[in-house]
Amino acid sequence: MQPNQSTAADLSPLVPAYDSILALAPYQTGKPIEELTREYGVSDVVKLASNENPMGCSPRVTLAVTEQLGQLSRYPDGKGYYLKQALADFNDVEVEQITLGNGSDDLLDILARSFVGADDVIVYSQYAFVVYSMLAKMQGARDVEVPAQRFGHDLKAMSQAVQDNPNIKIVFITNPNNPTGTQLEHKELRRFVASVPPSVLVVLDEAYIEYSPESNNRALLDEFDNVVIVRTFSKAYGLAGLRIGYALSSVAVADLLNRIRQPFNVSRVGLAAAAAALADQDFIEKTRLMNDEQMRWLERQFDALGLGFIKSHANFIMVEVQVEMEDITAASIHQALLEQGVIVRPLGNYGLPNWLRITVGLAEDNLRLIDTLRSILSEG
Ligand SMILES: Cc1ncc(COP(=O)(O)O)c(C=O)c1O
């Protein structure tokens, strides 16, 4: 990751809490559609960069949101009573095991602030979600990145890393993984959790679990008090703009997280929208079917274009686009796609400079992507 532009000299005489904060680079978000329109004057933009749901969200959400509009002067229910009840039923847990967040990013942050201090250690896998290493820097902590195995988590090596370092406080595991789309077997994950001392928190980040329901590891919560599962309404549920996520954990861990979280971290509109979205599992089923069908179509197109890809269990796919003979790079293709109104995600900041991550879109979005990509590749 590139260090941020700010230096200690810029701040002087102010000094941040930890030197590591100066090494932080702001999180690179997918380019918003409005920005591309402004920069390149293209109006018909297809955004396949942030793993959002191209089908939008359940129609039930519109009604739930509309009902809240007359109440905007009132604070939300800080305890999120109705949403927590619904989540408890849905996940077969007690209400006291749930913590709500302003997106799952908020929960990852609350977890780090609750359990990780200066000189503690956070562990995660190479090619896993970039936010974990940022959290370590924010807390003045250290991080250990365990080399990936075939683009996925090497749980044996991660277990060894935990045995080797008594200062480790949290292990983050992304399943399915962003950006590689790899998935872990339940048996393998259970073996890993069993190998970790009970004083180390294992955080399973399941942002894409709706696309891979067979890899749901909810059962681990009944067996291990040091497991936390973090989920989001931003991806399959289609509510990224509203910012709602939740964590499932032991009652004791949830009690701690709820002390740290801001009292009104989920808005009134967000609470109502999430409850309505959760109640519409038919929408999630339709989303999954569309995603599966379009993912297979994209795989066939990448094969036909001679581009390598990693089999994905989520709603995005990582494609290798380096064409060395013709001097075409992932960065140049990313730029050429942008100029033609197609936004995808370059992965240089993940140490994957030859790869692009592409969110699965609607059939017409994917067709536009493939047609544009084909013409870029043929022009060289
Ligand atoms: C693996 C993973 N975790 C967490 C998040 C954060 O999502 P949100 O804060 O929108 O819930 C993302 C978003 O890209 C993600 O890919």
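All figures in this text were calculated on a predicted structure; none of them were measured in a lab.

**Observations regarding the pattern of salt bridges**
So, step 1. Overall, the coordinates contain twelve salt bridges when judged by the stated rule.
So, step 2. Note that Arg288 is salt-bridged to Glu285, the shortest N-O span being 2.5 Å. Remark: Glu285 and Arg288 occur in helix H12 (residues 281-305); sequence separation between them is three residues, near one turn of the helix.
So, step 3. The class of Glu285 is partly exposed, set by a relative accessible area of 35%.
So, step 4. The salt bridge involving Glu299 is made with Lys311; its shortest N-O contact spans 3.5 Å. With a gap of twelve residues between them, Glu299 in helix H12 and Lys311 in the loop between strand S9 (308-310) and strand S10 (316-320) connect regions that are remote in the sequence.
So, step 5. Judged by relative accessible area, which is 11%, Glu299 ranks as buried.
So, step 6. On the basis of relative accessibility, which here comes to 45%, the residue Lys311 falls in the partly exposed class.

**Things to note about the site of the ligand**
So, step 1. Neighbouring the ligand are 13 residues; Ser104, Tyr208, Thr232, Ser234 and Arg243 lie closest to it.
So, step 2. Measuring from a nitrogen atom of the ligand, one finds a side-chain N or O atom of Asp205 at 2.7 Å.
So, step 3. Within the side chain of Lys235, a nitrogen or oxygen atom sits 2.9 Å from an oxygen atom of the ligand.
So, step 4. For the ligand, whose unbound accessible area comes to 400 Å², protein coverage reaches 94%.

**Looking at the nonpolar core**
So, step 1. Of all hydrophobic cores here, the largest spans 53 residues; its most connected members are Val171, Ile173, Phe192 and Phe233.
So, step 2. Ranked by the residues each element gives to this core, the list is headed by helix H11 (residues 268-279), at seven residues.
So, step 3. The residues touching Phe192, leaving out its near neighbours within four places in the chain, are Leu155, Met158, Ser159, Val171, Ile173 and Val202.
So, step 4. Of all hydrophobic cores here, the second largest spans 32 residues; its members include Ile110, Ile122, Ala136 and Ile170.

**A look at the domain arrangement of the protein chain**
So, step 1. When its domains are assigned, the protein chain resolves into domain 1 (15-44 + 282-379) and domain 2 (59-280).
So, step 2. Distance from the C-alpha centre of domain 1 to the C-alpha centre of domain 2: 25 Å.
So, step 3. The interface of domain 1 with domain 2 comprises 28 residues on the first partner and 29 residues on the second.
So, step 4. Across the domain 1/domain 2 interface, buried area totals approximately 2600 Å², and carbon plus sulfur atoms make up 68% of it.
So, step 5. Our count for the domain 1 to domain 2 interface comes out at zero salt bridges.
So, step 6. At the surface where domain 1 touches domain 2, the tally comes to nine residue pairs in polar contact (both at pLDDT 80 or more).

Conventions used here
Residues numbered from 1 in each chain as written. Predicted model: local features only at pLDDT ≥ 70, side-chain atom pairs only at ≥ 80, totals over all residues. Heavy atoms only, no water. Salt bridge = Lys/Arg side-chain N within 4 Å of Asp/Glu carboxyl O. Helix = DSSP H or I, 4+ residues; strand = E, 2+ residues; numbered from the N terminus. Buried < 20%, exposed > 50% of the residue type's maximum accessible area, 1.4 Å probe, protein only. Near = heavy atom within 4 Å. Polar contact = N/O pair within 3.5 Å; in protein donor to acceptor, adjacent residues only side chain to side chain. Areas by Shrake-Rupley, 256 points an atom, 1.4 Å probe, with all protein chains shown as cover. Core = buried A, V, L, I, M, F, W, Y, C linked by side-chain atoms within 4.5 Å. Contact = heavy atoms within 4.5 Å. Domains from an automatic or database assignment. Buried area = accessible area lost by both parts, 1.4 Å probe.

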